[in-house]
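Structure assessment
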Amino acid sequence: MFKAFTRTIPEISIFHNPSSPASSSALKLLRSALSSPYPPSKSSAPPLNFNLEVIENKPPTSDQLRTILSYLPSKTPSGQAQTPSPEILLSAHPTVDSRPTNPEGVVQLASQNPNALKWPIVVDWHSGKAAVGDLEGVKGILEELRKKRDGEA
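Parameters and conventions
- Residues numbered from 1 in each chain as written.
- Predicted model: local features only at pLDDT ≥ 70, side-chain atom pairs only at ≥ 80, totals over all residues.
- Heavy atoms only, no water.
- Helix = DSSP H or I, 4+ residues; strand = E, 2+ residues; numbered from the N terminus.
- Buried < 20%, exposed > 50% of the residue type's maximum accessible area, 1.4 Å probe, protein only.
- Contact = heavy atoms within 4.5 Å.
- Areas by Shrake-Rupley, 256 points an atom, 1.4 Å probe, with all protein chains shown as cover.
- Salt bridge = Lys/Arg side-chain N within 4 Å of Asp/Glu carboxyl O.
- Pairing = 2+ DSSP bridges.
- Axes fitted to C-alpha atoms, helices over the stretch in contact; angles between N-to-C directions.

1. Structural notes on the overall build of the protein chain
Helix and strand counts for the protein chain come out as five helices and six strands. Ordered by position from N to C terminus, the α and β elements of the protein chain give α-β-α-β-α-β-β-α-β-β-α. Counting the 153 residues in the protein chain, one finds 38% classified as buried. Sequence separation of 24 or more characterises 57% of the internal contacts of the protein chain that already satisfy a separation of 6 or more. Carbon and sulfur atoms make up 51% of the accessible area of the protein chain, which amounts to about 8,700 Å² in all.

The following block contains the structure:
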């Protein structure tokens with residue numbers, strides 16, 4: 001009876017670098033999902049409902065990185081889930097000469113060299129999902145929101 005009172009609006013954060021084409025595309029997609037029919041192919045569909053926080057040219061904190069990494073499960077060869085290494089957040093940009101292996105090192109490197117990170121980093125804090133440097137991952141987060149909205153999840 002009171003289920004509607006317990007619903008919260010999802011919180012989505014994008015750690016955005018305007019000089020990254022992937023980051024700009026992801027931000028455009030997120031903003032479009034808030035203001036236009038979603039999915040775009042279904043003109044009668046309403047927009048998605050979520051709070052969007054845009055953090056521009058600033059890496060996540062080390063605590064945020066730990067949480068984000070826990071939202072990016074990877075499989076071991078034996079098939080067990082484990083938290084990926086912070087190196088998964090680092091780009092292959094030629095100016096990146098060190099490969100820190102802990103969140104604090106990644107934050108320090110990204111603060112000195114923004115090109116060190118894979119941009120964007122998009123996080124759905126309520127559902128525990130994240131996408132790093134990947135537009136398809138952002139689409140996956142939005143599709144999960146759509147399924148919840150449409151009662152499919």
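2. Digging into the pattern of salt bridges
Scanning the model with the defined rule gives eight salt bridges in all. In this structure, the salt-bridge partner of Asp-150 is Arg-146, at a minimum N-O distance of 2.9 Å. For Asp-150, a relative accessible area of 35% puts it in the partly exposed group. One salt bridge connects Arg-149 with Asp-150, and the closest N-O pair in it is separated by 2.8 Å. The class for Arg-149 is partly exposed, based on a relative accessible area of 29%.

3. Examining the pairing of strand 2 (residues 51–56)
Pairing of strand 1 (residues 11–16) with strand 2, which is carried by six bridges, proceeds in the parallel orientation. Paired with Ser-13 across the bridge in strand 2 is Glu-53.

4. A closer look at the sheet that holds strand 1
Pairing within the open sheet is mixed, and its four strands lie in the order 2-1-5-6. The sheet terminates laterally at strand 2 and strand 6 (129–132), the two strands that pair on one side only. Mean inter-strand twist for the sheet, computed between neighbouring axes without regard to direction, equals 10°. Strand contacts of helix 2 (residues 21–35): strand 1, strand 2 and strand 5 (121–124), with the helix running at about 155° to strand 1, the strand carrying the most contacts. Contacting strand 1, strand 5 and strand 6, helix 5 (residues 135–149) crosses the sheet at an angle of about 155° to strand 6.

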